[in-house]
Amino acid sequence: MRFSPPVLQSLDGSFRHLKTPLVDAPPAQRDPAVIETVSAMLLDIERRGMDAVLDAARRLDLYEGGDVELTAEQIATSGDRLPADLRAAIDLGGERTRAFAKEQRSHLQDFETELVPGLVTGVKYVPVSRVGAYLPAGRFPLTASAFMTVGVAKQAGVPTVIACTPPQPDGGANDAVVYAAHVSGVDRVFVLGGVQALAAMAYGLLGELPIDMLVGAGNAFVAEAKRQLFGTVAIDLLAGPSEVAVLADETADPILVAADLLGQAEHGPNSPAALVTTSEELGRAVIAEVERQLPTLSTESICGPAWRDYGSVTVADDRETAAALMDDLAPEHLEVITADDAWYHERLLNYGSIFLGAWSTVAYSDKGMAGTNHVLPTAGGAKHSAGLSVSRFLKPLTYQRIAEAATPELADAVQVISDSEGMAAHSATATLRTARLS
C-alpha cells in the first residue's frame, strides 16, 4: 500500500490533481539491504548475546560508556537538567496522555453472560507482563513517545516497562526523553539504540526476562527489526514514514493548511503530505502558501524535498468524492477543516487519528497535549488497523463455565460435528460426559 493520490486519473472526471508526487510514496520501509543487515544483526545477537549488543552499540552509536543502564537517580533527576518551561510541558503532556488512557481503560470492562441456562461465558482483561519501549532520539528526539508507549502501558496495568533510547553525541541519554519516560512510570532505562536495543529487550539480555511486547517508532532498521522479531514478541504496529492529509473546503485558511502540511513533512524528506479539497481556489492558494512558508523554516532542507517529492493536492467536485478519495488514501493523520466537519466525521472510515476543525492540528497529538496516541498505522494500514492504545496492552481472555444441565445440547452437537470430521477423540470428550449425566 502507498500513501499517494488514490488513482492517477479520474475516469468520471469527478476530481483532478493540482500537484502530484514526483516519486512513488515509500512503502512501509522494505529495503532488501536493510532486511539483510537486520537479519545478520539479530542472528549475531541471538548467538553472542550482550557482547554482540555492545559491539553494535560501539560501532553504530559510537557508545564508549560502561553500563548501558541509567541509575534510578539519573532517571529521577533528569528533569532537573531541563529548562523549567520544557519540564512543565512534559509534565502536561504526560498527564494528558495518562488521563485519556485511563478513560479508555475504564470502558474495557470484564463481563460475564449466561448464553443459555448452564452455559456461562465471559472475558477478563489481563495486561501483558513485560513491555519494552523504544524511544527515538536521533535527528529529532521524539519526547512525547514515552507518553504513548510507557505511560499508556502503565495505565493498562503492565507491571514492568523498560525503555531503550540511543546515546547522544556526549554518550549519555537525552534528558527530555528520559524525563518523559520517568513521568510516564518507566521502570528501567537503557542507553541503547537501533536493532541492538530491540534485540536486547526481546532476547532478555538486559537483566530482565525477555519482554512480551515491543512498542515505539524508529527508522527503517528499527521497523525491520520489529518485523523480524514479531512472533518472538508482540509488536504495536509496523510504521513507515509519517504522513498527513488535510480535507478542506473553501472555508479553510490556506495559511493554516499549508503550515499543517509542512508540520508533518518535517518528520523526514520522505514524509508524504496530501490535500484533498472541494475548492480549486483553496488548492492553488495552499500550493502558493507552502512555497512562501518553506524559506522561513529552519527545517526547509527536510520539508522542501518531502513536499516536492511526495506532496499532492487533489480537487474533488463534491464532498462525497472528497470523502471517498480520503478513505482510499487511509492516512495516518487526517485533518478536516470544512463548513461541516461533523458530516465528514460521520462519513470517513479509514484513518489513524482524525483532527476536526481549524483549531485541531496534528502537532497537538504529536507532542502529547491532546491525550490521544500518536503511534498510528501508515502506508494505508488504517484500512485494516488502528493505532496503539491501552487496549493493545491488554489480553481479553475468554472463559466458560458449563453446568451439567447444559451438557446434553452441547455434547450432542459436538458429537455430530466431530463424527462428521472423523475426529473420534473430540467426539469422545462429549459422549463420555453424556454417559455420566445423572
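Procedures and definitions
Residues numbered from 1 in each chain as written. Predicted model: local features only at pLDDT ≥ 70, side-chain atom pairs only at ≥ 80, totals over all residues. Heavy atoms only, no water. Helix = DSSP H or I, 4+ residues; strand = E, 2+ residues; numbered from the N terminus. Buried < 20%, exposed > 50% of the residue type's maximum accessible area, 1.4 Å probe, protein only. Contact = heavy atoms within 4.5 Å. Areas by Shrake-Rupley, 256 points an atom, 1.4 Å probe, with all protein chains shown as cover. Lys, Arg positive; Asp, Glu negative; His and termini not counted. Charge placed at Lys NZ, Arg CZ, Asp CG, Glu CD. Phe/Tyr/Trp six-rings, centres within 6.5 Å; stacked < 30°, edge-to-face > 60°. Lys NZ or Arg CZ within 6 Å of the ring centre and 35° of its normal. Salt bridge = Lys/Arg side-chain N within 4 Å of Asp/Glu carboxyl O. Pairing = 2+ DSSP bridges. Arc of directions from axis to C-beta.

A. Fine view of the overall build of the protein chain. Looking only at helices and strands, the protein chain has 16 helices and 14 strands in total. Along the first, second and third principal axes, the C-alpha atoms of the protein chain reach 85 × 65 × 40 Å. Within the span of the protein chain, comprising 438 residues, buried residues form 48% of the whole. Across the protein chain, every contact between residues at least 6 apart in sequence was considered, and the portion connecting residues at least 24 apart equals 75%. Surface accessibility of the protein chain: about 20200 Å² in total, with carbon and sulfur atoms responsible for 54%. Once the 33 positive and 56 negative side-chain charges of the protein chain are each reduced to a mean point, those two points are 5 Å apart.

B. Up close: the packing of aromatic side chains. Counted under the stated rule, the structure contains 1 aromatic pair. Ring centres 4.9 Å apart and planes at 90 degrees place the aromatic pair tryptophan 343 and tyrosine 344 in the edge-to-face group. The cationic tip of lysine 19 hangs over the ring face of tryptophan 307; the distance from NZ or CZ to the ring centre is 5.0 Å.

C. Spatial organisation of the pattern of salt bridges. Overall, the coordinates contain 21 salt bridges when judged by the stated rule. The residue glutamate 112 makes a salt bridge to arginine 401 at a minimum N-O spacing of 3.1 Å. One end of the pair, glutamate 112, is in strand β2 (residues 111–116); the other, arginine 401, is in strand β14 (residues 394–402), with 289 residues separating them in the sequence. Close ionic contact of aspartate 236 with lysine 226 constitutes a salt bridge, the shortest N to O distance being 2.6 Å. Of the two residues, aspartate 236 sits in the loop between β8 (234–235) and β9 (244–248) while lysine 226 sits in helix α8 (residues 220–229), which places them 10 residues apart along the sequence. The class for aspartate 236 is buried, based on a relative accessible area of 10%. Through salt bridges with shared partners, a single ionic network connects Arg16, Glu280, Arg284 and Asp317.

D. Seen up close, the sheet that holds strand β6 (residues 188–191). Strand order across the open sheet formed by 5 strands is β6-β5-β4-β7-β8, with parallel pairing between neighbours. Either end of the sheet is taken by a strand with one partner, and the two such strands are β6 and β8. With 3 bridges joining them, strand β4 (residues 130–134) and strand β7 (residues 213–215) adopt parallel strand pairing. Within β7, the position partnered with alanine 133 by the bridge is valine 215.

E. Representation of the pairing of strand β3 (residues 119–127) within the structure. Inspection of the sheet shows β2 paired to β3 by 5 bridges, in the antiparallel sense. Residue phenylalanine 111 lies in a different strand from β3, and its bridge partner there is valine 123. Where β2 folds back on β3, the antiparallel hairpin that results is connected by 2 residues, among which glycine 118 adopts a positive phi of roughly 90 degrees. Strand direction decides the pairing type here: β3 and β14, joined by 9 bridges, are antiparallel. Residue proline 127 lies in a different strand from β14, and its bridge partner there is leucine 394.

F. Representation of helix α2 (residues 50–60). Residues of α2 that are buried: Ala52, Val53, Ala56 and Ala57. Buried residues along α2 cover an arc of 140 degrees about the axis, so they all sit on one side. Residues Asp51 and Arg59 are exposed on α2 and point more than 90 degrees away from its buried face. In the segment just after α2, leucine 62 is the residue with positive phi, at about 55 degrees.

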